[in-house]
Amino acid sequence: MKRLRLVLYTAVCVWVSIQFANAQIKLPELFSSNMVLQRNTQVAIWGWADANANITIHTSWMVNPIEVKADNKGSWNTKLTTTNAREPQSMEIKGSGSSIILENVLFGEVWLCSGQSNMEQSLKGYTGQPTYGALEALSGARNINLRVFSVDHHGSKTPLDHLDGYRPWQEASPESISDFSAIAYFFGQQLQEILDVPVGLILTSWGGTEIQSWMAKDALENYQTVDLKDVDLSQNTKHIPTVLFNAMVNPLVPYTVKGMLWYQGESNRLEPQLYRQLLPAMVKDWRARWGQGDFPFYYVQVAPYLYDKRNDYFQEVENSAFIREAQLESLADIPNAGMAITMDIGESHTIHPPKKKEVADRLLYMALNQTYGQTAIDYLGPTYSSLATKDGGIVLSFDHIGDTGLFVHDKLEGFEIAGEDRKFYTAEAKIMGNHKQVFVTSPNVPKPVAVRYAWRNWIVGTLYDVNLLPASSFRTDDWDNATRVEE
């Protein structure tokens, strides 16, 4: 009898422990102490509990609690109204026989940062590839009003609700920032200082990845077949379509953000025409999933680099000017977007330019102008608009040059000109028309019809506006069979 009682008692204890374990409230990994919630808005909050459980959310800033009921699968979601309060807040989520307390929560500006290795590059840099200004940044990194969250590298064949690995919200310090994205940090640190409000940065990036890996299956299948049935996820994970979205993005949806920073494209440089379709499609899909409308999307144009030690000119599969063109043209199809141009800060010998702060600065100028209403801040360099033939040459006109026009440091270089034979020659170029136009000529082309600027893998841009924002590489033609004459 004693043995029977012991067995029954053990069974009851096991049943109770299982029931208690099942009853625990669970939250997405993004919801933790030290997090930053988007200020002065309605933020999404969600989680899991018992089926049909009643959940109560008490916060330090609201008089009345929020009541929400889980559905028959245990999922629940609701909205919380945040304020502009500067002091740290707390919240408690209760239900299903358990509670979770979150402390040291701030209201501020939350930015999602994603892409491949140039976004991922930390202040520590890569082996033999530094990040300029890292020591200075680290020495002043301690800041309780700047918080960072990082997603680990993982892939999944199906969309996940939880992150497989991550570094939780941390206050900025030399220790927490040294392995964090340099671009994201430089952007966030300056934004926090300028706006004088807390800033939260969420980093989900992986070097060497194609945009297809970051797209949801539903969105990507409009452009290519996605079949993961027999795919080995342990091999070349980061190159498998959709799997990074499933594991590294979907668990973040729909955490309320102010906007997004994106630096990716090098791994898609061999397919510029497809990328021209995929980038707007990805942005549209992510925005739809977040359900915040057209939140700001600011991205970086890939920098010039001497790919494979070649500087091939016209072949689309070799010339990264074509992917830069695809990124530039994508602006027309992505509402509330901007692109940071890096024609002047690339490096011929490394695909990871060390001037990450300059990139972050240009993203910051976009955010200040377009998102935060500081319209006096210039954010976009000269953009080619039209041409006219004159005196045996071509006159190029530009948008986004304001009243003060174009600028060149020393000598205007990188221009080439062609006639109807589609043979491009190195050209002379000079600023004219009250610093609003560029006149391009070559004695080898008496009847020119087209101009290209900086149309190579590796080149240093020379054309700026007076605020030293560079022009993108561009072409006035759409030829796919042009040649270049070496002189």
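Whatever comes next refers back to the structure up there.
Keep in mind that what you see is a predicted model, and the values were worked out from it rather than measured.

So what exactly am I meant to see when it comes to the pattern of salt bridges here?
Pairing of side chains with opposite charge becomes possible as their charged atoms draw close. For the coordinates displayed, the defined rule picks out 16 salt bridges. The salt bridge partner of Glu109 is Arg39, with a shortest N-O separation of 2.5 Å. Pair noted here: Glu109 is in strand S7 (residues 98–115) and Arg39 is in the loop between strand S1 (36–38) and strand S2 (42–48), with a separation of 70 residues, a long-range link. Linking Glu329 and Arg276 is a salt bridge whose minimum nitrogen-to-oxygen distance equals 3.6 Å. Here the residue Glu329 occupies a position in helix H9 (residues 321–330), and Arg276 occupies one in helix H8 (residues 272–290), the gap between them amounting to 53 residues. Residue classification places Glu329 among the partly exposed positions, given a relative accessible area of 40%.

Help me understand the sheet that holds strand S21 (residues 450–453), please; the structure alone is not making it clear to me.
For sheets, the rule is that strands pair by backbone hydrogen bonds, running either parallel or antiparallel. Across the sheet, which stays open at both edges, the five strands sit in the order S23-S21-S17-S18-S24 with mixed pairing between neighbours. Every interior strand has two partners, whereas the edge strands, strand S23 (474–475) and strand S24 (483–484), have only one. Relative to S21, strand S17 (residues 415–418) runs antiparallel, the two sharing four bridges. Across the sheet, residue Ile417 finds its bridge partner in S21, namely Val451.

Sorry, what's going on with the packing of helix H5 (residues 182–195) against helix H10 (residues 356–371) here?
Angle between the axes and distance between the axes: these two values describe a pair of packed helices. In the contact formed by H5 and H10, the axes pass within 8 Å of each other and the chain directions differ by 45°. When the axes of H5 and H10 are compared, the pair comes out oblique. Crossing geometry of H5 relative to H10 is assigned as right-handed. Of H10, the residues touching H5 (which contributes Ala182, Ile183, Phe186, Phe187, Gln190, Leu191 and Ile194) are Lys356, Lys357, Val359, Ala360, Asp361, Leu363, Leu364, Ala367 and Leu368. Taken together, the residues that form the contact of H5 with H10 break down as twelve nonpolar, one polar and three charged.

Sorry if this is basic, but what is going on with H10 here?
An α-helical turn contains 3.6 residues, so any two residues separated by three or four positions project in the same direction. Look at H10: 22 Å from first C-alpha to last across 16 residues, which is about the 22 Å you get at 1.5 Å a residue. Among the 16 residues of H10, twelve are classified as buried, and the element is accordingly described as predominantly covered. The complete set of buried residues in H10 reads Lys356, Val359, Ala360, Asp361, Arg362, Leu363, Leu364, Met366, Ala367, Leu368, Asn369 and Thr371. Looking at the buried residues of H10, the elements they touch are S7, helix H2 (117–120), H5, strand S11 (259–263), strand S12 (297–300) and strand S13 (337–340).

Would you mind showing me how to read the packing of aromatic side chains here?
What characterises a pair of aromatic rings is the spacing of the ring centres plus the angle enclosed by the ring planes. The full count for this structure, using the stated rule, is 22 aromatic pairs. A centroid spacing of 5.7 Å and a plane angle of 50° characterise the contact between Phe149 and Trp169, whose relative ring orientation is tilted. Linking Phe149 in strand S8 (residues 143–151) with Trp169 in strand S9 (residues 166–172), this pair joins segments that are 20 residues apart in sequence. Here Phe149 falls in the buried class, since its relative accessible area comes to 0%. Pairwise contacts between aromatic rings join Phe31, Trp46, Phe149, Tyr166, Trp169 and Tyr255 into one cluster. Above the ring of Phe295, the side-chain terminus of Arg287 is found at 5.7 Å from the ring centroid.

Before we go on, may I ask you to explain a negative patch on the surface in this structure?
Together, Asp218, Glu221, Asp227 and Asp230 give the surface a local cluster of negative charge. With respect to the helices and strands, Asp218 occurs in helix H6 (residues 217–220).

Is there a simple way to explain the sheet that holds strand S20 (residues 437–441) in this structure?
Spatially, S14-S15-S20-S19 is the arrangement adopted by the four strands of the open sheet, whose pairing is antiparallel. Edge strands, defined here as strands with exactly one partner in the open sheet, are strand S14 (383–390) and strand S19 (428–432). Averaged over all pairs of adjacent strands, the angle between their axes in this sheet comes to 25°, without regard to strand direction. Strand direction decides the pairing type here: strand S15 (residues 393–399) and S20, joined by four bridges, are antiparallel. Paired with Leu396 across the strands is Val438, a residue of S20.

Mind showing me how you'd approach the side chain of Gln212 here?
Note on placement: Gln212 falls in the loop between strand S10 (199–205) and H6. By relative accessible area, which is 7% here, Gln212 ends up buried.

Mind showing me how you'd approach the side chain of Ser213 here?
One can find Ser213 in the loop between S10 and H6. Take Ser213: its relative accessible area is 1%, and that puts it in the buried class. A distance of 3.3 Å separates the side chain of Ser213 from the backbone oxygen of Ile240, its partner in a polar contact. Ignoring sequence-local partners within four residues, the contact set of Ser213 consists of Lys238, His239, Ile240, Pro241, Thr242, Val243, Leu244 and Phe245.

Analysis parameters
- The residue count restarts for each chain, going from 1 along the sequence in the order it is written.
- For this predicted model, a pLDDT threshold of at least 70 governs which residues receive local features, and a threshold of 80 or more governs which side-chain atom pairs are given and counted, while totals over whole chains, interfaces and linings are taken from all residues.
- To obtain the side-chain values, all non-hydrogen atoms of the structure were included, while hydrogens and water were left out.
- Here, a salt bridge means any Lys or Arg side-chain nitrogen found within 4 Å of an Asp or Glu carboxyl oxygen.
- For helices the rule is a DSSP run of H or I covering at least 4 residues; for strands it is a run of E covering at least 2, with both sets numbered from the N terminus onward.
- Burial classes: relative accessible area under 20% of the type maximum marks a residue as buried, over 50% as exposed, and values in between as partly exposed (1.4 Å probe, protein chains only).
- Only strands that DSSP links by at least two bridges are regarded as paired with each other.
- The convention used is that axes are lines fitted to C-alpha atoms, helices contributing only their stretch in contact, and that angles between N-to-C directions extend from 0 to 180 degrees.
- Here the word oblique covers every angle except those under 35 degrees (roughly parallel), over 145 (roughly antiparallel) and from 65 to 115 (roughly perpendicular).
- Crossing chirality is assigned from the near helix's rotation relative to the far helix, an anticlockwise turn below a right angle marking it left-handed and a clockwise turn marking it right-handed.
- In what follows, residue pairs with any heavy atoms lying within 4.5 Å of each other are defined as contacts.
- Under this grouping Gly is polar, as are all residues other than the nonpolar Ala, Val, Leu, Ile, Met, Phe, Trp, Tyr, Cys and Pro and the charged Asp, Glu, Lys and Arg.
- Multiplying 1.5 Å by the helix residue count minus one yields the expected span of that helix.
- Only centres within 6.5 Å qualify two rings of Phe, Tyr or Trp (six-membered ring in Trp) as a pair; their planes then separate them into stacked at under 30 degrees, edge-to-face at over 60, and tilted for everything else.
- Sitting over a ring, as applied to charges here, requires NZ of Lys or CZ of Arg to be within 6 Å of the ring centre and within 35 degrees of the ring normal.
- Put simply, a patch holds well-exposed residues, over 30% relative accessible area, that have no salt bridge, with like charges counted together within 9 Å and Val, Leu, Ile, Met, Phe, Trp or Tyr side chains within 5 Å.
- For the area figures, the Shrake-Rupley method with a 1.4 Å probe applies, and any residue is considered shielded solely by the protein chains shown.
- Charged residues are defined narrowly, with Lys and Arg counted positive, Asp and Glu counted negative, and His plus the chain ends left uncounted.
- One atom stands in for each charge, and that atom is NZ of Lys, CZ of Arg, CG of Asp or CD of Glu.
- Nitrogen and oxygen atoms within 3.5 Å of one another constitute a polar contact, given that in protein one can donate a hydrogen and the other can accept it, and given that sequence-neighbouring residues count only through two side-chain atoms.

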